[in-house]
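So you can see what is in the structure, the chains are spelled out below.
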Amino acid sequence: MTSVGNRRMLPFRRRADDHLLGGVAAGLARGLGLDPIVVRITFVLLAAAGGVGVVLYAAGLLLLPEEPPHQRSTGDDVIRTVGIAAAAVVLMGLARAAEVSLTRAAVWAMVLMAVGALVLWRTAIPEGGDARPSVREVLERVLSAGRGEGDRTGRARTLARIAVGVLLATSGFVAFVTLSSSAGAIGRGLLAGTVAAVGIGLLVGPWLWRLASDLTAERRERIRSQERADMAAHLHDSVLQTLTLIQRHPERSDEVVRLARRQERELRTWLKDPDGDMGAGTLTQRLRTVADQIEDDHGITVDTVFVGDTRMDEDLRPLLQATGEALRNAARHAGVGEVSMYAEVEADVVEVFVRDRGSGFDTTRLPADRRGIAESIRARMSRAGGSAEVRSEPGHGTEVQLRMPGHGGDGR
Amino acid sequence: MTVRVFVVDDHDLFRAGVKAELEGRVEIVGDASEVQPAIEMIVERRPDVALIDVHMPGGGGWTVVEEVRRLAPDVRFLALSVSDAATDVIALIRAGARGYVTKNISGAELAEAIERVAAGDAVFSPRLAGFVLDAFGGGLADTGHSELDQLTPREREVLRHIARGYTYRETAAELGISAKTVETHVSAVLRKLQLSNRRELTRWAESRRLI
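Calculation criteria
Residues numbered from 1 in each chain as written. Chains lettered and ligands numbered in written order. Predicted model: local features only at pLDDT ≥ 70, side-chain atom pairs only at ≥ 80, totals over all residues. Heavy atoms only, no water. Helix = DSSP H or I, 4+ residues; strand = E, 2+ residues; numbered from the N terminus. Buried < 20%, exposed > 50% of the residue type's maximum accessible area, 1.4 Å probe, protein only. Contact = heavy atoms within 4.5 Å. Phe/Tyr/Trp six-rings, centres within 6.5 Å; stacked < 30°, edge-to-face > 60°. Lys NZ or Arg CZ within 6 Å of the ring centre and 35° of its normal. Pairing = 2+ DSSP bridges. Core = buried A, V, L, I, M, F, W, Y, C linked by side-chain atoms within 4.5 Å. Domains from an automatic or database assignment. pLDDT = per-residue confidence, 0-100. Buried area = accessible area lost by both parts, 1.4 Å probe. Salt bridge = Lys/Arg side-chain N within 4 Å of Asp/Glu carboxyl O. Polar contact = N/O pair within 3.5 Å; in protein donor to acceptor, adjacent residues only side chain to side chain. Patch = residues over 30% accessible without salt bridge, like charges linked within 9 Å, V, L, I, M, F, W, Y side chains within 5 Å. Areas by Shrake-Rupley, 256 points an atom, 1.4 Å probe, with all protein chains shown as cover. Axes fitted to C-alpha atoms, helices over the stretch in contact; angles between N-to-C directions.

Can you lay out the overall build of chain B for me, pointing to particular residues and giving the numbers?
For chain B, the helix and strand inventory stands at 10 helices and 6 strands. For chain B, buried positions account for 55% of its 211 residues. Counting only contacts in chain B whose residues sit at least 6 apart along the sequence, the fraction spanning at least 24 positions is 68%.

Structure representation (structure tokens):
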């Protein structure tokens, strides 16, 4: 488009940036206001038809001055040129198969069709990678009145291109079918049908392709906005509610911590699994629920680390209860705000460790009320075929170790 | 000699909090809230340790780690994050961070972690130890993996204690080895975590376009 203003006495310059060989075709195309690909294919066909194209190209290489670079990629053109050449080969093959002898005139008719198709194609898909306008935009450019000067020129250009493309393609098609006179009636009919189908495909294909990709993009956008709405709804129900509660009672610090902690937990769970359908009924999920309950009841934080997982079943219930008991003990007696829980599911054993860095106690001289709880953990585990060990030292915290053998984990 | 520390985090409040907590324990040489300024300032000021958040506008913490390690390889990174997603943590470690701790860590613990990273050791939070055990799961029964792709029984033992909430010193006492040996094991695990081609790690790394 910039070429219009740049025209001088001799409008032809070889393009230094936009070239497959020497930039002759691109330069000529620009001077003539054509697509480089049209000129390129013309050169190729001229070269094939007796080598004239080669001589002309060489002359252009020698005579035309080089133009300063301009940013534009040639990748698309290469692909398109190869595509058109392949289509031409297929057409010739088809013609031969249909026992149609191709006269030189018929070949030229094919060239006409190809060039027409190219022009239309190029109009539908403008150059450049991602900045391709949608079908609607192209149609708008064609149909609606442009607002600015540039728009009007663009619109006229697009219309002209479409008209020229259709004209070339149609006349090529008619000429081709008429000129392939040596074939029999059936062969000619077959050929006409094939050529028409290929031609329509070539003409309409890019537009259909564009339409399809537009529809996909639109659907993706719709799904995305749906997801946004879901997230907004969730945040509104949860986080905003909690923040409101916190603002209403800022003086009750323990309650604020509890609310914040509960909200954090909920948000983390939701971030990991928005639909809540993952890991329902697994051991680690149940352990986390137990920990949540303790956090809520006692206003402490339980840091959980899980390795591996297994489906929750009745055999594991005592482990769950013992873990809850150990956590409750830590919350009541350790005198610290934080307790760690570590659960590891291995092929032949499940282990849970509950540890605090609190006051601890002398395991050989337990106060009466504590001994009962320690026993209840131990007794519960051994009844279920597992074991429990309580390790503690005054001033160094407590760790409860729970083991439940013979329970295969199913994957990590 | 005090350790020179740089803080990268996109939350102003959090940066202020960290700086206040570390006051007097380390020397804060600067802070940044965005990826590009962070890279430039860290390269210019050469702190011993940079604290780095996982989630950052404009590229994520691992971008900073990768870029700085290219330009100033002597700067060490400690990841500090609220995120407990395995992908985030592993991404930062694989980018080159020497440790990971969560943001609820106390000031004293953080200062200790920083000193450990400055000394060239690795710092694993219980959660990171859990991730590693999970990712390297199966362990010995898993044949066909290279040495980098599995943990030795000793390394697994060390990691299990860290996951249970034991400090390095407590772990050492428990296993009857020296604290230095524990550090050696953890550093070896960190190296495996960074270099291993284990499927799970590769998948995580791929999801972050790290390889």
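If you had to explain the packing of aromatic side chains to someone new, which residues and values would you point to?
In the structure shown here, the tally under the stated rule is 1 aromatic pair over all chains. The ring of Tyr166(B) carries Arg355(A) above its face, with NZ or CZ at 4.2 Å from the centroid.

Could you give an account of the sheet that holds strand β5 (residues 99-102) of chain B, naming the residues involved and the relevant values?
Residues and elements named next belong to chain B. Read across the sheet, 6 strands follow the order β2-β1-β3-β4-β5-β6 without closing on themselves; strand pairing throughout is parallel. Each edge of the sheet is formed by a strand with only one pairing partner; in this case those strands are β2 (27-32) and β6 (123-124). The pairing of strand β4 (residues 76-81) with β5 spans 3 bridges and is classified as parallel. Note that in β5 the partner of serine 81 across the bridge is threonine 102.

Give me the nonpolar core: which residues, what numbers.
Counting 55 residues, the largest nonpolar core has Ile42(B), Val64(B), Phe77(B), Phe124(B), Leu128(B) and Val132(B) as the members making the most contacts within it. Top contributing element to this core by residue count: helix α4 (residues 86-95) of chain B, with 7 residues. Counting residues domain by domain, this core receives three or more from each of domain 1 (4-136) and domain 2 (147-207) of chain B. When residues no more than four places from it in sequence are discounted, the contact partners of Val132(B) are Phe124(B), Leu151(B), Leu159(B), Val189(B) and Leu193(B). Ile300(A), Leu327(A), Val400(A) and Met404(A) belong to the second-largest nonpolar core, a separate cluster that totals 31 residues.

So what's going on with the confidence of the model for chain A? Residues and values would help.
All names here are of chain A. When pLDDT is averaged along chain A, the result is 72; 58% of the residues meet or exceed 70. By mean pLDDT, helix α1 (residues 3-6) is the weakest element of chain A at 39, and strand β5 (residues 349-356) is the strongest at 92. Note that residues 127-132 has pLDDT below 50 and, in this model, 6 contacts with residues that lie over four places away or in other chains.

Break down the interface of chain A and chain B for me, citing the residues and quoting the values.
If you look at the interface, chain A gives 20 residues, while chain B gives 20 residues. Summed over both sides, the interface between chain A and chain B buries roughly 1600 Å², with carbon and sulfur atoms accounting for 36% of that surface. Between Arg156(B) and Glu344(A) there is a salt bridge; the shortest N-O distance is 3.7 Å. Viewed at the interface, chain B and chain A are joined by 10 residue pairs in polar contact (both at pLDDT 80 or more). Residue assignment for the side of chain A that touches chain B shows that the elements contributing at least two residues are α10 (253-272), β3 (301-307), β4 (338-345), β5 and β7 (398-405) of chain A.

Can you tell me about a nonpolar patch on the surface, naming the residues and giving the values?
Together, Leu208(A), Leu211(A) and Leu215(A) line one region of the surface with nonpolar side chains, adding up to about 290 Å² of accessible area. With respect to the helices, strands and loops of the structure, Leu211(A) is situated in helix α9 (residues 185-248).

How would you explain the sheet that holds β4(A) if you had to name every residue and give the values?
In spatial order, the strands read β3-β4-β5-β7-β6 (chain A); together these 5 strands make up an open sheet with mixed pairing. The open sheet has two free edges, formed respectively by β3 and β6 (387-392) of chain A, since each of these has just one partner strand. Averaged over neighbouring strand pairs, the angle between their axes works out to 10 degrees when direction is ignored. In the sheet, β6(A) pairs with β7(A) via 6 bridges, with the strands oriented antiparallel. Looking across to β7(A), one finds that Ala388(A) is bridged to Leu402(A). Helix α12 (residues 317-334) of chain A rests against β3, β4, β5 and β7 of chain A of the sheet, and its axis sits at about 10 degrees to β5(A). Each of β3 and β4 of chain A is contacted by helix α6 (residues 126-135) of chain B, which is oriented at about 15 degrees to β3(A), the strand it contacts most.

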